[in-house]
Amino acid sequence: MLLFIVAVIVGLAILVWSADRFVDGASGLAKHLGVPALLIGILIIGFGTSAPEIVVSIISAMQGNPGLALGNAYGSNIANIALVLGITALISPIAIHSQIIRKEFPVLLAVTAVSVLILLNGWIGVLEGMILLTILAILVGISIWQAKSGKDDSIVAEVEQELAEKTMTRNQSIFWVVVGLILLIISSRLLVWGAVGMAQAFGVSDLIIGLTIVAIGTSLPELVSSIAAARKGEHDMILGNIIGSNLFNTLAVVGIAAVIHPLAVASDVLTRDIPVMVGLTILLFVMCWRFKLHQEGKQISRAEGGGLLLIYAGYTVWLIQSAILAS
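Residues numbered from 1 in each chain as written. Predicted model: local features only at pLDDT ≥ 70, side-chain atom pairs only at ≥ 80, totals over all residues. Heavy atoms only, no water.

S.K.: I'd like a rundown of the packing of helix α9 (residues 206-218) against helix α13 (residues 302-326), residues and numbers included.
M.R.: For the pair α9 and α13, interaxial distance at closest approach is 9 Å and the crossing angle is 140 degrees. Taken together, the axes of α9 and α13 are oblique relative to one another. For the crossing formed where α9 meets α13, the hand is left-handed. Taken together, the residues of α13 that come into contact with α9 (itself represented by Ile208, Leu211, Thr212 and Ile216) are Tyr312, Tyr315, Leu319 and Ala323. (Axes fitted to C-alpha atoms, helices over the stretch in contact; angles between N-to-C directions. Helix = DSSP H or I, 4+ residues; strand = E, 2+ residues; numbered from the N terminus. Parallel < 35°, antiparallel > 145°, perpendicular 65-115°, else oblique. Left-handed = near helix turned anticlockwise from the far one by under 90°. Contact = heavy atoms within 4.5 Å.)

Okay, here's the thing in structure tokens:
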């Protein structure tokens with residue numbers, strides 16, 4: 001048991017660190033190759049915060065652990081809203097701007113609805129995975145078109161500033177792309193091995209481990225980036241990171257895993273985890289929508305952040321009770 005726990009802790013630590021270095025290396029290499037800042041921001045940095053979830057779910061699917069793959073994706077979505085946003089709001093109330101409500105949230109709600117419909121038959125096969133990946137490709141294409149037409153110039157400015165702050169030579173960039181990718185794969189295999197071992201030792205499903213330990217661990221990049229953005233007063237980036245990460249988790253993480261190996265959807269996912277994910281997404285939308293109705297609703301307050309954390313605590317207790325009853 002101790003060996004499995006150490007494997008999970010070490011795997012998560014290396015996973016989070018290597019994902020950050022891989023993104024830095026990929027961004028630097030893209031810059032040296034003359035790739036526009038726009039594409040670097042949307043594709044490389046956009047995928048970056050979801051890199052741990054993507055690699056872990058790919059390894060899980062390849063090894064025949066669908067519960068871990070789905071638990072990682074949907075558990076991370078729940079943790080992003082209730083845990084990451086809750087902690088960040090406690091540190092600093094998060095200001096809300098109308099553009100987020102008008103553009104990003106409807107997309108997230110629509111994607112969430114599509115994912116629920118796909119899950120209803122209890123199976124996510126290659127076709128369903130391709131549908132999710134096609135939706136992702138369309139959304140990325142729309143983002144690129146909007147930015148090129150000047151509707152999202154802030155993306156380019158933010159990426160150029162970030163690239164200027166993290167200067168790497170061409171050889172350094174190549175080194176960290178290669179080393180980061182190797183460490184991502186190794187740490188993910190270590191994490192999956194430890195997580196499956198813990199599940200078997202505790203007598204619980206790999207879904208439970210994926211929804212808790214693995215989901216929280218792979219959400220650490222979002223937590224770190226959100227806290228850093230809160231301290232800088234970059235509130236748009238906080239909600240943007242959360243919404244973007246949840247979109248990638250729902251479309252890319254689940255889609256890629258399903259294409260590699262069809263995923264059986266446990267009944268608990270449909271009756272417990274999906275309703276919580278959908279409920280939190282709608283709750284966040286309602287919290288942000290107040291901005292358009294009342295001027296005093298311009299931010300997610302510390303009290304609301306505390307409420308989100310209480311919801312996450314209640315959900316975790318529910319998971320523990322489910323595990324005890326199932327054992």
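S.K.: Which residues make up the pattern of salt bridges, and what are the values?
M.R.: For the structure shown, the criterion picks out 2 salt bridges. For arginine 272, the salt bridge is made with aspartate 268, and the minimal N-O distance between the two is 3.8 Å. Of this pair, arginine 272 and aspartate 268 both sit in helix α12 (residues 267-293), 4 residues apart, roughly one helical turn. You can call aspartate 268 partly exposed: its relative accessible area is 35%. The shortest N-O distance in the salt bridge between arginine 272 and aspartate 273 comes to 2.7 Å. Across the pair, exposure class does not vary: arginine 272 and aspartate 273 are buried alike. Members of the salt-bridge network, linked through shared partners, are Asp268, Arg272 and Asp273. (Salt bridge = Lys/Arg side-chain N within 4 Å of Asp/Glu carboxyl O. Buried < 20%, exposed > 50% of the residue type's maximum accessible area, 1.4 Å probe, protein only.)

S.K.: An account of the packing of aromatic side chains is requested, with residue identities and associated values reported.
M.R.: Inspection of every chain in the model, using the stated rule, returns 5 aromatic pairs. With 5.6 Å between their ring centres and 80 degrees between their planes, tryptophan 17 and tryptophan 176 make a pair best called edge-to-face. With tryptophan 17 in helix α1 (residues 2-32) and tryptophan 176 in helix α8 (residues 170-202), this residue pair connects regions lying 159 residues apart in the sequence. Residue class for tryptophan 17 comes out partly exposed when judged on its relative accessible area of 44%. On the basis of relative accessible area, tryptophan 176 is assigned to the buried category, the value being 18%. Ring geometry for tyrosine 312 against tyrosine 315: centres 6.4 Å apart, planes inclined by 50 degrees, an arrangement best described as tilted. (Phe/Tyr/Trp six-rings, centres within 6.5 Å; stacked < 30°, edge-to-face > 60°.)

S.K.: Help me get a handle on the packing of α8 against α9, residues and values and all.
M.R.: Where α8 contacts α9, the two axes come as close as 9 Å, and the packing angle between them is 125 degrees. For the element pair α8 / α9, the angle class is oblique. The way α8 lies across α9 gives a crossing that is right-handed. Between α8 and α9, the residues in contact are Leu191, Ala195, Met198 and Ala199 and Asp206, Ile209, Ile213 and Val214, respectively. Among the residues making up the contact of α8 with α9, the classes are represented as 7 nonpolar, no polar and 1 charged. (Nonpolar A, V, L, I, M, F, W, Y, C, P; charged D, E, K, R; others polar.)

S.K.: Tell me about the side chain of serine 60, residues and numbers included.
M.R.: With respect to the element layout, serine 60 can be found in helix α3 (residues 51-62). The exposure class assigned to serine 60 is buried, which follows from its relative accessible area of 0%. Setting aside its immediate chain neighbours within four residues, serine 60 contacts Asn65, Leu68, Ala69 and Val192.

S.K.: Lay out a nonpolar patch on the surface with the relevant residues and their values.
M.R.: A contiguous nonpolar patch, built from Leu2, Val6, Val10 and Ile14 and spanning about 320 Å² of accessible area, is present on the exposed surface. Classification of valine 10 by relative accessible area gives partly exposed; the value is 35%. (Patch = residues over 30% accessible without salt bridge, like charges linked within 9 Å, V, L, I, M, F, W, Y side chains within 5 Å. Areas by Shrake-Rupley, 256 points an atom, 1.4 Å probe, with all protein chains shown as cover.)

S.K.: For the environment of valine 111, give the residues involved together with the corresponding values.
M.R.: For valine 111, the position within the fold is in helix α5 (residues 98-119). For the pair valine 111 and leucine 251, spaced 140 residues apart in sequence, the C-alpha to C-alpha distance is 7.9 Å. If we ignore the near neighbours within four places in the chain, the residues touching valine 111 are Ile135, Leu139, Leu247, Thr250 and Leu251.

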